[in-house]
Amino acid sequence: MNHRAVDSNAPRDRAADRPSIATTPVPRAAPDHSEACPLSIHDMTVAYHRRPVLWDVDYAAPEGQLVGIVGPNGAGKSTLLKACLGLIPLASGSVRFYGKTYQQARRLVGYVPQRESVDWDFPASALDVVTMGRYGRIPWCLPPGRKQKQAALRCLEQVGMADFARRQISKLSGGQQQRVFLARALAQEAQVYLMDEPFSGVDAATEAAIVTLLRELRARGRTVLVVHHDLQTVPEYFDHVVLLNMRIVAAGPTATVFTRENLQKTYGGRLTLLDQAADAVARAGRT
Amino acid sequence: MRRTSRIIACAVASIALIAPVQPSRAAEPPRPEARRSITDTTWQWPTAAQFRDVFRLADYNTRVVVIGVTLLGLASGIVGTFAYLRKRALMGDALGHATLPGIAAAFLLLETKSLPILLIGATLSGVLGVLAVAGLRSIPRIKEDAAIGIVLSVFFGIGMVLMAFVQQMRTGHEAGLQNFIYGKAASMLERDARLIAASALVVIAGSLLLYKEFRLICFDQPFAGAQGYPVVALDLAMMALVVVTTVVGLQAVGLILVVAMLIVPPAAARFWTDRLFGMTLLAGLFGALSGWLGASLSALLPRLPTGAIIVVCAGAFFVVSMFFAPQRGILAGLWRQAALRRRIAMQHLLRALAEFEELHGRPAPVSGDELRSRRRMSHAALRAVLARAMRRNLVVRDADGRIRLTDDGRVEATRVLRNHRLWEIYLIRYADIAPSHVDRDADEIEHVLSEQIIRELEASLQTLAPIPPSPHVLGDRP
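Because the structure is predicted, anything quoted here is derived from the model rather than measured. (Residues numbered from 1 in each chain as written. Chains lettered and ligands numbered in written order. Predicted model: local features only at pLDDT ≥ 70, side-chain atom pairs only at ≥ 80, totals over all residues. Heavy atoms only, no water.)

## A few points about the overall build of chain B
Right, on to step 1. Counting its regular elements, chain B contains 20 helices and two strands.
Right, on to step 2. Counting only residues that meet the buried cut, chain B has 49% of its 478 residues in that class.
Right, on to step 3. Contacts in chain B between residues far apart in sequence, at least 24 positions, make up 72% of those at least 6 positions apart.
Right, on to step 4. Of the roughly 23000 Å² that chain B leaves accessible, carbon and sulfur atoms contribute 63%. (Helix = DSSP H or I, 4+ residues; strand = E, 2+ residues; numbered from the N terminus. Buried < 20%, exposed > 50% of the residue type's maximum accessible area, 1.4 Å probe, protein only. Contact = heavy atoms within 4.5 Å. Areas by Shrake-Rupley, 256 points an atom, 1.4 Å probe, with all protein chains shown as cover.)

## Section: the overall build of chain A
Right, on to step 1. Along chain A, the regular secondary structure elements total 11 helices and nine strands.
Right, on to step 2. Expressed as a percentage of its 287 residues, the buried residues of chain A come to 53%.
Right, on to step 3. When the accessible surface of chain A is split by element, carbon and sulfur atoms take 51% of a total near 13200 Å².

## Some points on the interface of chain B and chain A
Right, on to step 1. The partner chain A presents 35 residues to the 29 residues of chain B that form the contact.
Right, on to step 2. Both faces combined, the contact of chain B with chain A buries some 2900 Å², and carbon together with sulfur accounts for 59% of it.
Right, on to step 3. Of all residues in chain B, the largest losses of buried area upon contact with chain A belong to Lys212(B), Phe219(B) and Phe223(B), amounting jointly to 26% of the total for that side.
Right, on to step 4. Here Arg328(B) ties to Asp121(A) by a salt bridge, and the two come within 2.8 Å at their closest N and O atoms.
Right, on to step 5. At the junction of chain B with chain A, the criterion picks out 15 residue pairs in polar contact (both at pLDDT 80 or more). (Buried area = accessible area lost by both parts, 1.4 Å probe. Salt bridge = Lys/Arg side-chain N within 4 Å of Asp/Glu carboxyl O. Polar contact = N/O pair within 3.5 Å; in protein donor to acceptor, adjacent residues only side chain to side chain.)

## Section: the packing of aromatic side chains
Right, on to step 1. What the rule picks out here adds up to 16 aromatic pairs over all chains.
Right, on to step 2. Centroid distance Phe181(A) to Phe219(B): 6.5 Å. Interplanar angle 80 degrees. Geometry classified as edge-to-face. A residue pair is termed interchain when its members come from two chains, as with Phe181(A) in helix α6 (residues 174–187) and Phe219(B) in helix α9 (residues 211–219). You'll find Phe181(A) and Phe219(B) in the same group, each marked buried.
Right, on to step 3. Between Tyr211(B) and Phe277(B), the aromatic rings sit 5.9 Å apart at their centres with planes inclined by 85 degrees, giving edge-to-face as the arrangement. With a gap of 66 residues between them, Tyr211(B) in helix α9 and Phe277(B) in helix α13 (residues 276–300) connect regions that are remote in the sequence. (Phe/Tyr/Trp six-rings, centres within 6.5 Å; stacked < 30°, edge-to-face > 60°.)

## Observations regarding the domain arrangement of chain B
Right, on to step 1. Under the domain assignment, chain B is made up of domain 1 (49–326) and domain 2 (334–461).
Right, on to step 2. Computed over C-alpha atoms only, the centres of domain 1 of chain B and domain 2 of chain B are separated by 56 Å. (Domains from an automatic or database assignment.)

## Focus: the pairing of strand β7 (residues 223–227) of chain A
All names here are of chain A.
Right, on to step 1. With respect to burial, β7 is a largely interior element, five of its five residues being buried.
Right, on to step 2. Here β7 shows a buried face lined by Thr223, Leu225 and Val227 and a second buried face lined by Val224 and Val226.
Right, on to step 3. With four bridges connecting them, strand β3 (residues 66–70) and β7 associate as parallel partners. Residue pairing across strands places Leu66 opposite Val224, the latter belonging to β7.
Right, on to step 4. Pairing geometry for strand β6 (residues 192–196) and β7, over five bridges, is parallel. (Pairing = 2+ DSSP bridges.)

## What about the pairing of strand β1 (residues 39–48) of chain A?
Residues and elements named next belong to chain A.
Right, on to step 1. In terms of burial, β1 is largely enclosed, as eight of its 10 residues are buried.
Right, on to step 2. For β1 and strand β2 (residues 51–61), the ladder comprises seven bridges, and the chain directions are antiparallel. Across the sheet, Ala47 pairs through a bridge with Pro52, a residue of β2.
Right, on to step 3. Alignment of β1 against strand β4 (residues 92–96), held across four bridges, turns out to be antiparallel. Looking at the pairing, Ser40 lines up with Arg96 of β4.

## Description of a nonpolar patch on the surface
All names here are of chain B.
Right, on to step 1. A cluster of nonpolar side chains, namely Val319, Phe323, Phe324, Ile330, Leu331 and Leu334, defines an oily patch on the protein surface of about 520 Å² accessible area.
Right, on to step 2. Sorting the residues of the nonpolar patch by element identifies α14 (306–324) and α15 (330–360) as the ones contributing at least two each.
Right, on to step 3. Exposure remark for Phe323: the relative accessible area of 34% places this residue in the partly exposed category. (Patch = residues over 30% accessible without salt bridge, like charges linked within 9 Å, V, L, I, M, F, W, Y side chains within 5 Å.)

## Observations concerning the packing of α15(B) against helix α18 (residues 407–430) of chain B
Residue and element names in this part refer to chain B.
Right, on to step 1. Two numbers describe how α15 lies on α18: the axes approach to 8 Å, and their chain directions differ by 90 degrees. Relative to α18, α15 is oriented roughly perpendicular. Here Gln347, Leu350, Arg351, Ala354, Glu355, Glu357 and Glu358 of α15 come into contact with α18, specifically with Gly409, Arg410, Glu412, Ala413, Arg415, Val416, Leu417, His420 and Arg421.
Right, on to step 2. Tallied by class, the residues present in the contact of α15 with α18 amount to five nonpolar, three polar and eight charged. (Axes fitted to C-alpha atoms, helices over the stretch in contact; angles between N-to-C directions. Parallel < 35°, antiparallel > 145°, perpendicular 65-115°, else oblique. Nonpolar A, V, L, I, M, F, W, Y, C, P; charged D, E, K, R; others polar.)

## Points about the environment of Leu156(A)
All names here are of chain A.
Right, on to step 1. Following the sequence through the fold, Leu156 ends up in helix α5 (residues 146–158).
Right, on to step 2. Note: C-alpha distance between Leu156 and Arg220 (64 residues apart in sequence) is 18 Å.
Right, on to step 3. Not counting residues within four places of it along the chain, the set of residues in contact with Leu156 comprises Ala126, Leu127, Val130, Met161, Ala162, Ala165, Val180 and Ala183.

## Some points on the confidence of the model for chain A
Right, on to step 1. Overall, the prediction assigns chain A a mean pLDDT of 84, with 84% of residues at 70 or greater.
Right, on to step 2. A low-confidence stretch, residues 1–30 of chain A (pLDDT under 50), is modelled with 34 contacts involving residues beyond four sequence positions or located in other chains. (pLDDT = per-residue confidence, 0-100.)

## Thoughts on the side chain of Ser321(B)
All names here are of chain B.
Right, on to step 1. Mapped onto the elements, Ser321 comes out in helix α14.
Right, on to step 2. When its relative accessible area of 1% is taken as the criterion, Ser321 is described as buried.
Right, on to step 3. Apart from the residues lying within four places of it in its own chain, the contact partners of Ser321 are Ala268, Phe271, Trp272, Phe286 and Gly329.

## Observations regarding the environment of Phe271(B)
All names here are of chain B.
Right, on to step 1. With respect to the helices and strands, the residue Phe271 is situated in the loop between α12 (258–270) and α13.
Right, on to step 2. Overall, Phe271 belongs to the buried group, its relative accessible area being 18%.
Right, on to step 3. Counting along the chain gives 173 residues from Phe271 to Ala98, while the straight-line C-alpha distance between them is 31 Å.
Right, on to step 4. In contact with Phe271, other than residues within four places in its own chain, are Phe318, Ser321, Met322, Ala325 and Arg328.

## Structural notes on the packing of α18(B) against helix α20 (residues 451–461) of chain B
Residue and element names in this part refer to chain B.
Right, on to step 1. The N-to-C vectors of α18 and α20 enclose an angle of 50 degrees; their axes lie 10 Å apart at closest approach. With respect to α20, the element α18 is oriented oblique. Read as a crossing pair, α18 and α20 show a hand that is left-handed. Along its contact with α18, which presents Arg418, Asn419, Leu422, Trp423, Ile425, Tyr426, Arg429 and Tyr430, the element α20 presents Ile454, Leu457, Glu458, Ser460 and Leu461. (Left-handed = near helix turned anticlockwise from the far one by under 90°.)

Printed below as a string of structure tokens:
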């Protein structure tokens, strides 16, 4: 519990606020996810095949900020996003967007999966893909209409890809494909965006375009959480940072949290015990 | 839309190329009627009149069967497109083979030849097979290919064991259960064909209704899940459509080959188009034509296994598509490569001529040997590229056979030379390549530089000079 997010905008440590009834640990009361908080995660534990990959994550994202999620490979960064979106079941804990469950708040949340997660040889144009971001607004069994396609086209314009609307997606460069994914998330017209490695494998022009876009989103009051792998650019791109390695090592404003000491804790080899414990849990589950 | 219609026209044209091969047998003289017996293995070529009747759909029963199997092909092409893109096509194979125990068990238990009952048995064991694949796959040590292989072979094995019991029953060998293995459209009754047609229409309607949702989960399942689509339910719906297609297709195509109806038409269609809608339509068209030909030939030559004919037809579409499709076909690819090679040879020629002019400081005709001393190429290659350059009026030959740039040629040569120099300077400046090596590296890239890259080069090198000077000594090329 001692690695809870320390964050000026986040609701303060709730367990500490309550008068403690007894000194023995009690089951925590239902979390008071604040309605003002774009994304609050309470006590989240996630397991793949019974092997825990995220332990006891508590976090409250500050509204209207760019948040970088940083950590070594296998730290559970993508898993954190997917678990928030209900794509992976939680072993315990809860997630709220503006105090609502994801089911209720779906329209408020946009998602950019990893570019490598799809087959880009799929028969579709850039516009087709971006239009998928509008599907949530189209009733079942009906094709997207002209209005939705025009909205999608505007999103392509925002990422500087309007000229490529009709282009088959496999004929786009990696950076262009990433921009198509971002345009699709824009088409969702969300309040909170979860982006999984949008900077991975893109050219300099795309990187600059994405940064501009992120800042525009922030200027419009959107909250963006970005899984990021390039430590060098973290201070430049992000207001807040979450250092993750199977648990939250530290979270808060970049200036205070993104320190050498915290990075060493995140990337250093001190978490082998947690890893071994996870293996033990997985083994116990199998036998 | 015009693109799509052009593609469809191309497809129809290529079908027209191979289609006449089949009916041309009609021209062969019909053999004298041989004595028919059960051991008779000689072919009975149908008469021209029979051919005419079948392809005109004159006979009512034939008409119903042919229409039924054609619709089945249409349906399997359409639903197969989604299964193919969802990378679930092999599930159809496991499913097909897994239907056999159900058919045999239904017959053994109920001793009925009633098609709906046999098909219900087929569906039950087929679905059981699909569930078994899903279950095996969730075991960490078993991968999907192994799961499919296990289910497919074990279920088929069980089915064959049960079939041995069926053969021992007095009514067994008359039941025609063997037809489910290899498919025999000719043995279909009118009501069987009606069942197939109706099921096919249901499958087509279902696929088109869920078109948008299927597209989403085929392309990006996590995103679909994040948007709140019930991914599992949609997958089940797709699988259900596959099951219906497979089960009603058993009688016509046979359980061994029924998977081909799901895979081959979409794979062929993918060569022709980059749009999902076009691919769906084309796959349906290929499937329908395969079904039509298969059922028609089966009516004419009852000894032929219908399933095999249908699959051979679909395979023919696939092979034609693979070679002759305009964009993605193998021949188109070879043609593009050859065109690129020709373009490169032309650009080399023009650049060599421009560099000669640059060295001499004036328009200078050169002999073929001088050219070949600068650019390694055979006499034949030089002759070929010169002929093309002269046809395009880029170079002319003087009376003494020496080669000279025309004004048009000089414009083009200057452009080529400039691109080459820009790229050379870029490589030296940003990629730390030694000036003495840069010529060869630039040689490989400069021919594929797009306008956009050239503009970026200009911007990053901050040069708009007509032709930057060469960074290395000209004429020292090994």
